[in-house]
Amino acid sequence: MKPTRVTFLGTGDAYCAGGRHMAAYVIESPEGSLLLDCGPTILASLNRHGLSAAPIDAVLLSHLHGDHVAGLPFLFLQYIYVEPRVRPLRIIGPPGVEERVNVLFRAMYADTAAGPLPFALEFIEIRPQETHRAGGVQVNAFRAIHQIEPPSLGFEIKGSDWKIVYTGDSGWTEELVERTQNADLFICECSFFETRMETHLDYPRIKANAGRFGARRLVLTHLGQEVLARAGEVDLEMAHDGLVVEL
Ligand SMILES: [Zn+2]
Ligand SMILES: [Zn+2]
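The paragraphs below set out a description of the structure included in this document. Remember, it's a predicted structure, so these values are computed and weren't measured experimentally. (Residues numbered from 1 in each chain as written. Chains lettered and ligands numbered in written order. Predicted model: local features only at pLDDT ≥ 70, side-chain atom pairs only at ≥ 80, totals over all residues. Heavy atoms only, no water.)

1. Focus on the coordination of the zinc ion (ligand 2)
Phase 1: Coordination sphere of the zinc ion (ligand 2), protein contribution only: Asp67 (OD), His68 (NE2), Asp169 (OD) and His222 (NE2), at 2.1 to 2.2 Å.
Phase 2: Coordination geometry of the zinc ion (ligand 2): the four donor atoms subtend angles of 90 to 159° at the metal centre, consistent with an arrangement described as irregular.
Phase 3: Sequence spacing of the donor residues for the zinc ion (ligand 2), all on one chain, is D-H-x100-D-x52-H.
Phase 4: Between the zinc ion (ligand 2) and the zinc ion (ligand 1), the interatomic distance is 3.6 Å, and Asp169 donates to each metal, bridging them. The pair formed by Asp67 and His68 is uniform in burial state, with each residue classed as buried. (Donors = N, O, S within 2.8 Å, 3.2 Å for Na, K, Ca; no water. Tetrahedral: all angles 85-135°; square planar, octahedral: opposite > 155°, others 65-115°. Buried < 20%, exposed > 50% of the residue type's maximum accessible area, 1.4 Å probe, protein only.)

This is the structure:
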């Protein structure tokens, strides 16, 4: 069986600090292919790393901020004009996801959005503590400390013999400690270094809790300018665009 591979397509924050692309990760597993968040730089990321959008079975969205969802209209264009798609695309996200994605598509490509897509979109709303199947894997959501309504989500994503935990964008929550037990990979946002916010994580807070997380590998992502400027003081693994982790 092929190993499960996670490609970090976009490891920057909403400001593209350090020239990094915005949030997107592809999880390719024997169970299927899942795109985790879809920042507006998605096509640049896929093209730069020689990846096709065709195998993606489902898109999983942690929350509805632009740096995590605004790539979807471009992904739709890719499926219409560049890599024609006929099979349905499942999009799983917080309540309101369908309306938000449709509004985005209409605002960005009104002409294209006016006609039917050549493939079906299947929207599924997911709330904290709910479980759904996506791209052949099991997704269990938990509340991220970020947007309150609709709730931002973190995810516990499980295949037959692997588990990944993703914070999405989130401030500190003890749930991160519980969720990461026995995880193979913990993809942890780290927006700040000296700035402490309720709605994002900073390096000192992650470092102070690093021994409590139960994941075999912890990778910092969503890296902001403060963290990049002090990278020499960071002794946890920092992601870069194009990083591939095999579980
Ligand atoms: Zn956000
Ligand atoms: Zn973000």
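2. Comments concerning the side chain of Ser191
Phase 1: Its place among the elements puts Ser191 in the loop between strand E11 (185–189) and helix H7 (203–209).
Phase 2: The exposure class of Ser191 is buried, given its relative accessible area of 5%.
Phase 3: Each residue touching Ser191, except ones within four places of it in the same chain, is listed here: His200, Leu201, His222, Gly224 and Val227. (Helix = DSSP H or I, 4+ residues; strand = E, 2+ residues; numbered from the N terminus. Contact = heavy atoms within 4.5 Å.)

3. Some points on the sheet that holds strand E9 (residues 153–158)
Phase 1: Sheet architecture is open: seven strands sit in the order E7-E8-E9-E10-E11-E12-E13, paired in mixed fashion. A single partner strand is all that each edge strand has here, and the edge strands are strand E7 (131–134) and strand E13 (237–238).
Phase 2: Taken together, the three bridges between strand E10 (residues 163–166) and E11 define a ladder with parallel strand orientation. Paired with Val165 across the bridge in E11 is Phe186. (Pairing = 2+ DSSP bridges.)

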